[in-house]
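Fold and contact review
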Amino acid sequence: MANKLLLIILDGVPYANWRRLFGNLEGWVEAGEAQVWRMRSVLPSTSACCYASIHTGLTPQVHRIWDNADIRRLEFPDIFSEATKAGMKTGAVTHSYWSEFFNRAPFDVVRDIEYDEPGGPITHGRFHTMKGYGHDNQMTPADYDLFGTLTRLCEVKGIDYGILHTCTLDSMGHRFYHDCEAMDNACFSMDATLAPFIDRWRRGGYEVIVTADHGQDGRGHHGGTGEAQRDFALYYFGPAEGPAPDVLLDQLQLAPTILSRLGVPQPETMKGESFLF
């Protein structure tokens, strides 16, 4: 059975802050319209390593992305490649790393900032680089604009699978750390900005997953083994059933789960099992 699905990655939000500060998401859970679980990232719990694992279902020790400095085209099957093979349209509104991992590398800002390529693997790509990123200037696009861009790909391009990735909360967490007024307000704002788009996507026939790539600890760090660095929440909006609420999900299950919901066969390289059925 084929469905349409959107994956929303809010980079670098620890589990506790999801459950404490995202009132709209938690309201849908309380109303029985969404399900939520704790998910644990791969190791290292570094952004690029997690991006590669989310879409290939493989550990960094297999896909060999060790940190944020070594970015290249991956040679393994992934969600984009398998969905495109199945005749689906895919879309990405993300950091440019995703284009390099799953379409082509190196990233050429003129050629690759925006493309529409029927052959895929990413059919419709809209990317940003965060070039010049630093402590004093995060170089992150407005999340409202990113959500609007993904919605346009849904409604104008008719994508079947789409991913949106934003680094706003990760970047702010590195600067302010998550246990502070600035991050309380940032998470509150993100939740409020995201909510009407979730409603619109659901009304448009999409299942929606909202989650992170990793967490962050009390010093704004991730990459290591601590639960605050690795653990985050995963919210699912759709008709499928999942495990008990206290089950800890593995990040390597995400790619097989998405392919299963899209009705696309799981490649042999992905060893995880779908957590939705």
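The structure contained in this document is the topic of the report that follows.

What counts and what doesn't
Residues numbered from 1 in each chain as written. Predicted model: local features only at pLDDT ≥ 70, side-chain atom pairs only at ≥ 80, totals over all residues. Heavy atoms only, no water. Patch = residues over 30% accessible without salt bridge, like charges linked within 9 Å, V, L, I, M, F, W, Y side chains within 5 Å. Areas by Shrake-Rupley, 256 points an atom, 1.4 Å probe, with all protein chains shown as cover. Salt bridge = Lys/Arg side-chain N within 4 Å of Asp/Glu carboxyl O. Helix = DSSP H or I, 4+ residues; strand = E, 2+ residues; numbered from the N terminus. 1 Å grid on protein atoms, 1.4 Å probe; cavity = no way out; pocket = protein on both sides within 12 Å on 5 of 7 lines; lining within 4 Å. Points joined across faces, edges and corners; volume = space filled by probe spheres on them. Nonpolar A, V, L, I, M, F, W, Y, C, P; charged D, E, K, R; others polar. Axes fitted to C-alpha atoms, helices over the stretch in contact; angles between N-to-C directions. Parallel < 35°, antiparallel > 145°, perpendicular 65-115°, else oblique. Contact = heavy atoms within 4.5 Å. Buried < 20%, exposed > 50% of the residue type's maximum accessible area, 1.4 Å probe, protein only. Polar contact = N/O pair within 3.5 Å; in protein donor to acceptor, adjacent residues only side chain to side chain. Pairing = 2+ DSSP bridges. Phe/Tyr/Trp six-rings, centres within 6.5 Å; stacked < 30°, edge-to-face > 60°. Arc of directions from axis to C-beta.

Turning next to a nonpolar patch on the surface. On the surface, a nonpolar cluster with roughly 270 Å² of combined accessible area is contributed by Val109, Val110 and Ile113. Relative to the elements of secondary structure, Ile113 occurs in the loop between helix H7 (109-112) and strand S4 (114-116).

Empty pockets left among the atoms are what a rolling probe the size of a water molecule brings to light. By volume, the largest pocket amounts to about 250 Å³. In this structure, the largest pocket is lined by 14 residues; those nearest its centre are Asn68, His95, Tyr97, Met130 and Tyr133. Within the residue set of the lining of the largest pocket, elements represented by two or more residues are helix H3 (47-56) and helix H9 (168-176). Counting residues per element, the lining of the largest pocket draws most heavily on H9, which supplies three residues. Taken together, the residues of the lining of the largest pocket break down into five nonpolar, eight polar and one charged.

All right, on to the packing of helix H8 (residues 143-157) against helix H10 (residues 181-203) then. Helices that pack against each other are described as a pair by the angle of their axes relative to one another and the distance between those axes. Two elements in contact, H8 and H10, have axes separated by 10 Å at closest approach and are oriented at 10 degrees. The orientation of H8 relative to H10 falls into the category roughly parallel. In this structure, H8 uses Asp143, Tyr144, Phe147, Gly148, Leu150, Thr151 and Glu155 to contact H10, whose residues at the interface are Met190, Thr193, Leu194, Phe197, Arg200 and Trp201. When the residues that make up the contact of H8 with H10 are grouped by side-chain class, the tally is seven nonpolar, three polar and three charged.

What follows is about the side chain of Asn3. With respect to the secondary-structure elements, Asn3 resides in the segment before strand S1 (4-10). Assessed through its relative accessible area of 14%, Asn3 is described here as buried. There is a polar contact of 2.5 Å between the side chain of Asn3 and the backbone oxygen of Arg261. Residue contacts for Asn3: discarding those within four places in its chain leaves Met88, Asp160, Glu207, Arg261 and Leu262.

Right, let's talk about the packing of H9 against H10 for a bit. Packing of H9 against H10 brings their axes to within 10 Å, and their N-to-C directions diverge by 175 degrees. In terms of orientation, H9 and H10 fall into the roughly antiparallel class. The segment H9 lies against H10, with Thr168, Leu169, Met172, Gly173 and Phe176 engaging Ala182, Met183, Ala186, Cys187 and Met190.

Right, let's get into the sheet that holds strand S5 (residues 124-128). Adjacent strands of a sheet pair through backbone hydrogen bonds, lying either parallel or antiparallel. Across the sheet, nine strands lie side by side as S4-S5-S3-S6-S1-S7-S8-S2-S9; this open sheet has mixed pairing. Two strands bound the open sheet, and with one partner strand each, they are S4 and strand S9 (248-250). This sheet shows a mean twist of 20 degrees between the axes of neighbouring strands, independent of strand direction. Looking at chain direction, strand S2 (residues 35-40) and strand S8 (residues 231-237) are connected through six bridges and run antiparallel.

Attention now moves to the packing of aromatic side chains. Applying the stated criterion across every chain yields a total of 16 aromatic pairs. With a centroid separation of 4.8 Å and 25 degrees between ring planes, the pair formed by Tyr51 and Trp98 is classed as stacked. Here the residue Tyr51 occupies a position in helix H3, and Trp98 occupies one in helix H6 (residues 96-102), the gap between them amounting to 47 residues. The class of Tyr51 is buried, set by a relative accessible area of 2%.

This part is about helix H2 (residues 23-30). Buried residues of H2: Leu25, Glu26 and Trp28, and no others. In a view along the axis of H2, the buried residues occupy a sector of 155 degrees, so they form one face of it. On its buried face, H2 is in contact with helix H1 (15-21), H10, strand S7 (206-211) and S8. Gly32 lies just past H2 and shows a positive phi near 80 degrees.

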